[in-house]
There are 2 protein chains.
Amino acid sequence: MKRIKVSNNVIRRLPRYLRKLDELKASGVSRISSFNLGQQLGLTPSQIRQDFSCFGEFGQQGYGYNVSALRDEIASILGMDRGFKAILVGVGNIGHALMDNFCFSEWGFTLAAAFDIDPAIVGTTTNGVTVRSMDELLDYLAGNQIDVAVLTVPKEAASAVAKLLCDNGIRAIWNFTNVELTEPNSTTIVENIHFSDSLLSLGYYVAERYDEEAAHAARLERMEKAREQ
Amino acid sequence: MKRIKVSNNVIRRLPRYLRKLDELKASGVSRISSFNLGQQLGLTPSQIRQDFSCFGEFGQQGYGYNVSALRDEIASILGMDRGFKAILVGVGNIGHALMDNFCFSEWGFTLAAAFDIDPAIVGTTTNGVTVRSMDELLDYLAGNQIDVAVLTVPKEAASAVAKLLCDNGIRAIWNFTNVELTEPNSTTIVENIHFSDSLLSLGYYVAERYDEEAAHAARLERMEKAREQ
DNA sequence: TTCATTCTGTTATAATTATAACATATGGGG
DNA sequence: CCCCATATGTTATAATTATAACAGAATGAA
């Protein structure tokens with residue numbers, strides 16, 4: 001049983017470990033040290049060992065970690081072997097793209113159903129999942145054990161739909177709408193994909209880079225002027 | 001001129017501030033205190049004041065912050081007024097969905113061009129942007145000042161295309177492929193959108209929730225048994 | 001105008017997170 | 001079988017990040 005609280009920073013590194021381990025496994029590497037893994041991920045060996053030690057002792061002194069076994073441990077920690085069930089609400093552009101393109105099963109999830117309010121969309125099938133009417137949502141939730149709702153409705157509807165979902169037993173929301181879902185039941189788990197937030201932080205670093213270059217150029221120019229005198 | 005290095009945590013909160021301030025502005029709120037803003041975002045007033053103080057003095061003692069002015073300051077810090085130019089490489093499912101749906105201009109960016117390797121896609125137009133052949137990429141980069149590349153190629157191609165972009169002047173990559181881009185030039189700015197990482201960390205918290213509930217149920221059962229004796 | 005109240009910017013403190021150090025266990029070579 | 005090199009798990013230390021405390025400026029009511 002888990003005892004100590006594991007920090008969110010650690011949790012967010014786990015999927016990266018998983019990805020790298022899958023890659024190593026695919027390329028035939030069967031053992032790896034924290035030092036080597038750290039180099040490949042840009043992390044210190046200390047951090048890697050401490051991250052893993054939150055969950056148990058997965059390595060062997062003098063040998064390192066077994067890639068395949070470690071991969072499976074992390075997959076299990078992340079719940080990939082629990083068969084979580086998801087529904088998708090809002091089959092617009094992004095919702096449809098997710099249904100069409102994102103492989104839920106690759107990550108241990110099942111996309112069990114999708115819902116939309118638009119009669120023109122209801123009844124269409126993508127990747128084996130047929131879109132149902134929002135009218136069926138509550139009945140469906142009552143009759144099926146669903147873990148996660150993928151929220152891809154227009155942002156105007158986001159808050160209301162999120163509340164509806166939480167009030168009817170959904171405990172985790174994968175939020176693709178560009179709004180803060182602080183309102184729903186405080187026990188609800190919310191994970192955001194905020195495209196614009198991501199692009200804007202990128203923008204900050206690009207701007208910083210330009211400023212640094214401009215400052216550098218100005219410095220050179222001053223030196224040039226000083227030399228002329 | 002910026003002097004002290006601002007932490008990444010602070011930068012990642014800026015877009016959230018921006019979003020909330022836009023929302024407040026839209027609903028007619030013209031002034032706000034750090035206390036009030038903190039409540040709405042789930043942050044402490046201290047943290048908010050310290051975040052802002054990294055960039056200047058935007059508030060007024062005894063009054064608070066002017067919503068509109070603060071919003072513009074943050075937008076400027078994030079580079080929204082610099083007219084950054086982006087290209088998109090790889091017009092598959094997600095690439096096309098971004099072109100179709102994501103409003104670059106809303107965040108101060110211009111999507112100047114898109115590229116794909118598939119002749120069936122080259123020449124098509126989405127949202128005013130016509131897809132060009134990858135053969136034109138290098139010439140285009142040489143002839144145009146581009147700041148950001150949106151990387152939406154299949155993951156097998158990701159590393160190679162990223163390297164190509166970096167070697168030809170691109171200094172920032174908005175990476176939608178499910179690979180770590182640690183390889184490219186170390187000076188390149190990389191911002192990742194890893195759908196699977198996001199879903200997996202959500203999975204961790206869902207699993208944790210289930211474990212806690214199971215532990216709680218077990219505790220209740222033990223108490224029940226103890227009472228029976 | 002005066003004064004209590006509000007609320008900032010900043011400094012000080014606490015808490016968290018990452019890094020380094022170390023003691024110990026394992027594997028493999030001679 | 002013994003010993004060295006390797007590499008873990010853990011404890012100790014450093015660095016970072018968040019929170020709290022505070023001094024002072026502006027507001028608004030009387």
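What counts and how
- Residues numbered from 1 in each chain as written.
- Chains lettered and ligands numbered in written order.
- Predicted model: local features only at pLDDT ≥ 70, side-chain atom pairs only at ≥ 80, totals over all residues.
- Heavy atoms only, no water.
- Helix = DSSP H or I, 4+ residues; strand = E, 2+ residues; numbered from the N terminus.
- Rg over C-alpha atoms; globule rule 2.2 N^0.38 Å.
- Buried < 20%, exposed > 50% of the residue type's maximum accessible area, 1.4 Å probe, protein only.
- Contact = heavy atoms within 4.5 Å.
- Areas by Shrake-Rupley, 256 points an atom, 1.4 Å probe, with all protein chains shown as cover.
- Buried area = accessible area lost by both parts, 1.4 Å probe.
- Salt bridge = Lys/Arg side-chain N within 4 Å of Asp/Glu carboxyl O.
- Polar contact = N/O pair within 3.5 Å; in protein donor to acceptor, adjacent residues only side chain to side chain.
- Least-squares fit on C-alpha atoms with pLDDT ≥ 70 in both.
- Near = heavy atom within 4 Å.
- Pairing = 2+ DSSP bridges.
- Axes fitted to C-alpha atoms, helices over the stretch in contact; angles between N-to-C directions.
- Domains from an automatic or database assignment.
- Nonpolar A, V, L, I, M, F, W, Y, C, P; charged D, E, K, R; others polar.

1. Considerations on the overall build of chain A
Move 1: A count of helical and extended segments in chain A gives 8 helices and 10 strands.
Move 2: Over its C-alpha trace chain A gives a radius of gyration of 23 Å, far above what one expects of a compact globule, namely 17 Å for 229 residues.
Move 3: C-alpha atoms of chain A, sized along the principal axes, occupy 80 × 55 × 35 Å.
Move 4: A burial count over chain A gives 48% of its 229 residues as buried.
Move 5: Sequence-distant contacts, at least 24 apart, represent 57% of the contacts inside chain A between residues at least 6 apart.
Move 6: Here chain A has roughly 11500 Å² of accessible surface; of this, 50% comes from carbon and sulfur atoms.

2. Describing the interface of chain B and chain A
Move 1: Counting residues at the interface gives 69 residues for chain B, matched by 69 residues for chain A.
Move 2: Of the roughly 6200 Å² buried between chain B and chain A, counting both surfaces, carbon and sulfur atoms make up 61%.
Move 3: For chain B, the biggest contributors to the area lost against chain A are Arg19, Leu200 and Tyr204 of chain B; these three give 12% of the whole.
Move 4: Where chain B touches chain A, the interface holds 10 salt bridges.
Move 5: A salt bridge links Glu213 of chain B to Arg171 of chain A; its shortest N-O distance comes to 2.5 Å.
Move 6: Where chain B meets chain A, there are 31 residue pairs in polar contact (both at pLDDT 80 or more).

3. Some remarks on the relation of the copies chain B and chain A
Move 1: The operation relating chain B to chain A is a screw motion whose rotation component is 180 degrees, with 0.0 Å of axial translation and a residual RMSD of 0.1 Å. Here the symmetry operator amounts to a two-fold rotation axis. Taking C-alpha positions as reference, the residue of chain B nearest the rotation axis is Ala97 of chain B, located at 3.4 Å.
Move 2: Most of the interface of chain B is mirrored in chain A, where 100% of its interface residues again form contacts.

4. Topic: the protein's contact with DNA strand C
Move 1: Lining the immediate surroundings of DNA strand C are 25 residues, of which Ser46 and Gln61 of chain A together with Ser34, Gln61 and Tyr65 of chain B lie closest.
Move 2: The sugar-phosphate backbone supplies 64% of the atoms of DNA strand C found within 4 Å of the protein.
Move 3: In the model, a phosphate oxygen of DNA strand C is placed 3.3 Å from a nitrogen or oxygen of the Gln60 of chain A side chain.
Move 4: Between DNA strand C and Gln61 of chain A, the relevant distance is 2.3 Å, taken from a sugar or linking oxygen to a side-chain nitrogen or oxygen of the residue.
Move 5: Sort the elements by how many residues they give to the surface near DNA strand C and helix H3 (residues 45-53) of chain A lands first, with 4 residues.

5. A few points about the sheet that holds strand E7 (residues 129-133) of chain A
Move 1: Spatially, 7 strands are ordered E6-E7-E5-E4-E8-E9-E10 (chain A) in an open sheet, and the strand pairing comes out mixed. The sheet is open, and its two edges are formed by strand E6 (125-126) and strand E10 (189-192) of chain A, each paired on a single side.
Move 2: In terms of strand pairing, strand E5 (residues 110-116) of chain A meets E7 of chain A through 3 bridges, oriented parallel. Looking at E7 of chain A, one finds that Phe115 of chain A is bridged to Arg132 of chain A.
Move 3: Lying on the sheet, helix H7 (residues 155-167) of chain A is in contact with strand E4 (85-89), strand E8 (148-151) and strand E9 (172-175) of chain A; it crosses E8 of chain A at an angle near 170 degrees.
Move 4: In the packing of helix H8 (residues 195-228) of chain B onto the sheet, contacts are made with E8, E9 and E10 of chain A, and the angle to E10 of chain A comes to roughly 170 degrees.

6. Side note on the domain arrangement of chain A
How big an interface is tends to be stated in terms of accessible area lost as the parts join.
Move 1: The assigned domain composition of chain A is domain 1 (8-77), domain 2 (84-193) and domain 3 (200-229).
Move 2: Computed from C-alpha atoms alone, the centre-to-centre distance between domain 1 of chain A and domain 3 of chain A is 40 Å.

7. Some remarks on the protein's contact with DNA strand D
Move 1: Taken together, 25 residues lie near DNA strand D, and Ser34, Gln61 and Tyr65 of chain A together with Ser46 and Gln61 of chain B sit nearest.
Move 2: Within 4 Å of the protein, the contacting atoms of DNA strand D are drawn from sugar and phosphate to the extent of 61%.
Move 3: With respect to DNA strand D, the side chain of Glu57 of chain A contributes an N or O atom lying 3.4 Å from a sugar or linking oxygen.
Move 4: In terms of residues, the surface near DNA strand D owes the most to one element, helix H3 (residues 45-53) of chain B, which gives 4 residues.
Move 5: Within the surface near DNA strand D, the residues separate by chemical class into 3 nonpolar, 17 polar and 5 charged.

8. Regarding the pairing of E10 of chain A
Residues and elements named next belong to chain A.
Move 1: The two faces of E10 differ: Ile189 and Glu191 on one face are buried, but Val190 and Asn192 on the other face are not.
Move 2: Both E9 and E10 contribute to a ladder of 4 bridges, which runs parallel. When the sheet's bridge partners are listed, Ile173 is paired in E10 with Val190.

9. What about the sheet that holds strand E9 (residues 172-175) of chain B?
The strands that make up a sheet pair up through hydrogen bonds in the backbone, lying either parallel or antiparallel.
Residues and elements named next belong to chain B.
Move 1: Pairing within the open sheet is mixed, and its 7 strands lie in the order E6-E7-E5-E4-E8-E9-E10. If you trace the sheet from one side to the other, it starts and ends with strand E6 (125-126) and strand E10 (189-192), each paired once.
Move 2: Of the strand pairs in this sheet, strand E4 (residues 85-89) and strand E8 (residues 148-151) are connected by 4 bridges, and their pairing is parallel. Considered in E8, the bridge of Val89 is made with Leu151.
Move 3: Sheet contacts for helix H7 (residues 155-167): E4, E8 and E9; angle to E8, the most-contacted strand, approximately 170 degrees.

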